[in-house]
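Per-entry structural report
Below are the chains, spelled out letter by letter.
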Amino acid sequence: MNNEETNLVHLCPKYSGGCEHTPLTNDDLLKLTDQQGQLIYGPSLFALQYRVLPCTMSESQGNSNEYGDTYTYNMYGRFSALNRGRRWNGKRKQGGMYHTTSVIHFLIDEYKVDPDTFLYSSSYDISDNDSLMTDVYINLGNYFSVQFSGGVLSPTNVDNPNNLKSDQEDNVFNCFSVIQIFHIPQKAKEARMLLQQLSKFKLYPVTEATLQMVCHDTQHGFYTSSIRMKKPHITDLKLHYGDDFPDIHEELLETLQEKDSTGITLLHGPPGTGKTYYLRYLINEIQDKSLIYVPPDLVNDMTKPGFLPFLMQHPNSILIVEDAENIIRDRQQDSYLPNQAVANLLNLSDGLLGDAMHQQIICTFNCDVKGIDPALLRDGRLVIEHKFDKLSVQNARRLCIELGIPNNGKDIHESTTIAEIYTRKNAVEATSANDLENGITLREKRRLNKKKQKQQTHLGFYS
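Below or above, wherever it landed, is the structure these notes cover. From a predicted model like this one, the values you see are computed outputs, not experimental measurements. (Residues numbered from 1 in each chain as written. Predicted model: local features only at pLDDT ≥ 70, side-chain atom pairs only at ≥ 80, totals over all residues. Heavy atoms only, no water.)

Some points on the pattern of salt bridges
This structure, assessed with the given rule, holds five salt bridges. Across the pair Lys 187 and Glu 190 runs a salt bridge, and its minimum N-O distance is 2.8 Å. Residue Glu 190 is classed as buried on the basis of its relative accessible area, which comes to 17%. Of the charged contacts in the structure, one is a salt bridge between Asp 411 and Arg 424, with a shortest N-O distance of 2.9 Å. Highlighted residues: Asp 411 in the loop between helix H12 (393–402) and helix H13 (418–437) and Arg 424 in helix H13, separated in sequence by 13 residues. Here Arg 424 falls in the partly exposed class, since its relative accessible area comes to 29%. (Salt bridge = Lys/Arg side-chain N within 4 Å of Asp/Glu carboxyl O. Buried < 20%, exposed > 50% of the residue type's maximum accessible area, 1.4 Å probe, protein only. Helix = DSSP H or I, 4+ residues; strand = E, 2+ residues; numbered from the N terminus.)

Given below as structure tokens:
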């Protein structure tokens, strides 16, 4: 990044933020920028430094039709919804918070700014010996500055897509909720670039999808009950499911979200290979469609006469059938009786009923796809058929590294299921839980680790 001395910008004489005739006094500048008693107020600080009023740039949260819940942090440092609406678009993250430590380090390294020149506000926790920067104004030089505000602690459960290092042992991050960039017109391109660069240091609230679970009793027949499902923390689909899987995921997601679309998706493979784990991830990526979930204990009830009339109440939705072996077997096999269930699926996928209801169907199962009724596999009806399998030794070890499992999976010498990898991860977490039972609290553990670490801080805050 070029500094002020090597890349000087010359202010346009007719710039609207300047004064053509009489130079502005400090009082004039403070009145024009409406500081209202705030010590750290970017427009005033910029105007006092450069003697002109700044243009401002902040991050757009996108079209209101593209995202749903707008999140911020409340005074206790927890995510809270400001307005309710559509779920976030799975292809484009919305909202989120900036990781304080990462953005400060980036600006110091990239713009060669001196931390001693920062103007900031902070809070200090005496009992925990922790400082939290709540607001900071940084002059980047050459009619260019940035202000971060709304500094808080994150909850322990956040979506961390870029694997940023937490500031505290219990996966807590110091964060800013708001960014504003101040500049003159000639620096607008650089301001846009800075926003793009800082987006790498964002954390997001963990989203939850709402499923309509199918229920049945003799009095009410079929009905639905809402359940919430958290999104698994999958930072890299390749690590979990292979190098080609991100393309499969994008194709499936795009097809499922098409309006008035129909078809069947078959996700199968041995137990423990991550079918349900991926399904939870996929469900949280889907927007603008109702999700109807048939639990394993009600799969056989799909043959009952009242099931199709019940589904007709949910057009243009996605039907999810888990452990569907018994209803999708080849109808030529006499040992399997639920032929009506296959007929229902066929009719929903591309029959007359499908043309009216526009339903997508996702089935998961453990058996070999060769045992599935051939009619379900026909082109035009089948959207995607994917087999989940064990991880190679290389990918299993890479996933161990990703999940922070001790020894990095060096003792793995054969193909391994995702379930086995996460069993190792849970064992590590159980060990940490035992520490708590033995009287070592997370706060005490954090203090002990701090004593062992050599401090290398900027402004006495973040190493």
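Remarks on the side chain of Glu 285
One can find Glu 285 in helix H7 (residues 275–285). Take Glu 285: its relative accessible area is 4%, and that puts it in the buried class. A polar atom in the side chain of Glu 285 sits 2.6 Å from the side chain of Lys 231. (Polar contact = N/O pair within 3.5 Å; in protein donor to acceptor, adjacent residues only side chain to side chain.)

Details of H7
Structural remark: α-helix, 3.6 residues per turn; residues separated by three or four positions point the same way. Burial of H7 is extensive: nine of the eleven residues sit out of reach of the surface. Residues Lys 275, Tyr 277, Tyr 278, Leu 279, Tyr 281, Leu 282, Ile 283, Asn 284 and Glu 285 constitute the buried set of H7.

Considerations on the nonpolar core
Counting 36 residues, the largest nonpolar core has Tyr 241, Tyr 278, Leu 282, Ile 283, Ile 320, Ile 362 and Ile 421 as the members making the most contacts within it. Of all the secondary structure elements, the ones that give two or more residues to this core are strand S13 (208–217), helix H5 (237–241), helix H6 (245–256), H7, strand S16 (291–294), strand S17 (318–321), H12 and H13. With six residues, H7 is the single largest residue contributor to this core. Residues in contact with Ile 421, not counting those within four places in the same chain, are Leu 391, Ala 396, Leu 399, Cys 400, Leu 403, Ile 405, Ile 412 and Thr 416. Formed by 32 residues, the second largest nonpolar core is a distinct cluster that contains Phe 106, Val 136, Val 158 and Phe 176. (Core = buried A, V, L, I, M, F, W, Y, C linked by side-chain atoms within 4.5 Å. Contact = heavy atoms within 4.5 Å.)

Note that all results are geometric; they support no functional claim without further evidence.
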